[in-house]
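Listed here are the chains, written in short residue letters.
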Amino acid sequence: MPEAALSEITRTFLRIGVLSFGGPAAQISLMHRELVEARGWLSEEEYLRALGFCMLLPGPEAMQLATYAGWRLRGVPGGLIAGGLFVAPGALVIGLLAAGYIAFGEVPLVQAVFTGIQAAVVAIVLQALLRLGRKALRGPADWAVAALAFAAIFLLGLPFPAILAAAALWGAWAARNAPAGPAPPPAERPRTLATVALWGALWAAPLVPLWLAGATFLTDLALFFGWLALVTFGGAYAVLAYMTQTVVGEFGWLTTAQMIDALGLAETTPGPLILVTQFVGHLAGHAQGGWALGLLAGLLVLWMTFVPCFLWIFAGAPYVEALAARPRLQGALKGITAAVVGVILNLALWFALHVLFAQMREGPAMLAAPVPVWSSLQPVPSALVALALGLILWRGMGVAAAIVTMGAAGAAAGLALG
């Protein structure tokens, strides 16, 4: 492996962080070009094994892949630089967008812009569903897992973590007879327990002072987003329905419209899409106590979301070669991926109903999800959703361009209707 100076790692991953638009597929492709093709820091086989390992972990796989690459190059300092710079540009942009949204979100013209962005989000989530479905659903068993996951969350309202756990257990059981991969070479003895203790303590560090200070809102925020970091398998789209259910339905920190706006704005920034959690924390904090609390809440959510990513990588990276030889782990990942398709279908349907209809009501006793009041169908959002579907699914317009276009279309519709 070529030697890489920390200064060169810093320049490279700052460039990657600034250019990492377009979601995990585009980010993984960008890193492959920079790390494998351009610099030769990782071989093709090392890169693919690292990617497979990161996909087994909760959290944003692209950020964790960047952290792993930095760790391979220069140990923990390299991992901190690579992972931190992958997140930092997007976090800065998200903070500015959250402040602008708080300041100007109630202006009628801005609301019209967000009507167009919400329509784009419906199409973007549907596009993500179709792309993942084509990759993940390879046979009748995968389709069955996806269907059961959708029914469990949409019809029965079962918790997202329980659905993932069941899918992982099924996948591991289904792979019980699969042949193991080649035995990995013996590895150096890693200091796993010390690593877990150190990073676990750093992750939990905000909780004690917040609890002692009686900061109930911030404590609840830290606990929830810390828990969310443990169950974020399958990307931000998969966990967003669970986050929305809790943030909107249980805590009442945000409204449904604000959650959809948050995802739309997060789609326009570099870095992992899970940065949407920072936006949610910032808005929730501002609603509870103004600008200072909003900024503090956003930073707290960033900490609780991304510190565990370093924990997983620094503790697990020495075992990458060994994990690649375990078919049951691969089977568990396959089961989770199939279930995530059903969860994202629930998210797409949930978003679409809340954008298209002005009113929702409780469904029948056996149905956990709300149902629309059909007479409240909104003509302008419906037309905007149709336009967004045409631009993104039919014309293949990129995410950033589609959000800008749909924001302009929403503004034009708002001005035309006075």
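Look up: the structure comes first, before these words.
Remember, predicted model here, so these are calculated numbers, not experimental data.

**Student:** Honestly, the overall build of the protein chain in this entry has me stumped. Any pointers?
**Tutor:** Assigned secondary structure in the protein chain consists of 18 helices and two strands. Scaling as 2.2 N^0.38, a compact globule of 418 residues should have a C-alpha radius of gyration of about 22 Å, and the protein chain matches this with 22 Å. Here the C-alpha coordinates of the protein chain stretch approximately 70 × 50 × 45 Å along the principal axes. A buried classification covers 51% of the 418 residues belonging to the protein chain. Within the protein chain, contacts between residues separated by at least 24 positions form 73% of all contacts whose residues are at least 6 apart in sequence. Side chains of the protein chain carry 19 positive and 17 negative charges; the gap between the two charge centres is 7 Å.

**Student:** Please explain the packing of helix α10 (residues 216-231) against helix α13 (residues 276-289) as it appears in this structure.
**Tutor:** Any two packed helices are characterised by the angle at which their axes cross and by the distance between the axes. Packing of α10 against α13 brings their axes to within 11 Å, and their N-to-C directions diverge by 165 degrees. With respect to α13, the axis of α10 lies roughly antiparallel. With respect to the hand of their crossing, α10 and α13 are arranged in right-handed fashion. In contact with F217, F225 and L228 of α10, α13 contributes T277, V280, A284, G285 and Q288. Split by residue class, the contact of α10 with α13 holds five nonpolar, three polar and no charged.

**Student:** So what exactly am I meant to see when it comes to empty space enclosed by the protein here?
**Tutor:** Unoccupied space between atoms shows up once a probe the size of one water molecule is rolled over them. In the structure shown here, the tally under the stated rule is one cavity of 30 Å³ or more. Computed from the structure, the largest cavity encloses a volume of approximately 70 Å³. Lining of the largest cavity is provided by 13 residues; of these, L228, A229, T232, I274 and T305 occupy positions nearest its centre. With four residues, the single largest contributor to the lining of the largest cavity is helix α14 (residues 291-316). The residue makeup of the lining of the largest cavity, split by class, is nine nonpolar, four polar and no charged.

So, how was this worked out
Residues numbered from 1 in each chain as written. Predicted model: local features only at pLDDT ≥ 70, side-chain atom pairs only at ≥ 80, totals over all residues. Heavy atoms only, no water. Helix = DSSP H or I, 4+ residues; strand = E, 2+ residues; numbered from the N terminus. Rg over C-alpha atoms; globule rule 2.2 N^0.38 Å. Buried < 20%, exposed > 50% of the residue type's maximum accessible area, 1.4 Å probe, protein only. Contact = heavy atoms within 4.5 Å. Lys, Arg positive; Asp, Glu negative; His and termini not counted. Charge placed at Lys NZ, Arg CZ, Asp CG, Glu CD. Axes fitted to C-alpha atoms, helices over the stretch in contact; angles between N-to-C directions. Parallel < 35°, antiparallel > 145°, perpendicular 65-115°, else oblique. Left-handed = near helix turned anticlockwise from the far one by under 90°. Nonpolar A, V, L, I, M, F, W, Y, C, P; charged D, E, K, R; others polar. 1 Å grid on protein atoms, 1.4 Å probe; cavity = no way out; pocket = protein on both sides within 12 Å on 5 of 7 lines; lining within 4 Å. Points joined across faces, edges and corners; volume = space filled by probe spheres on them.

By themselves these figures say nothing about function.
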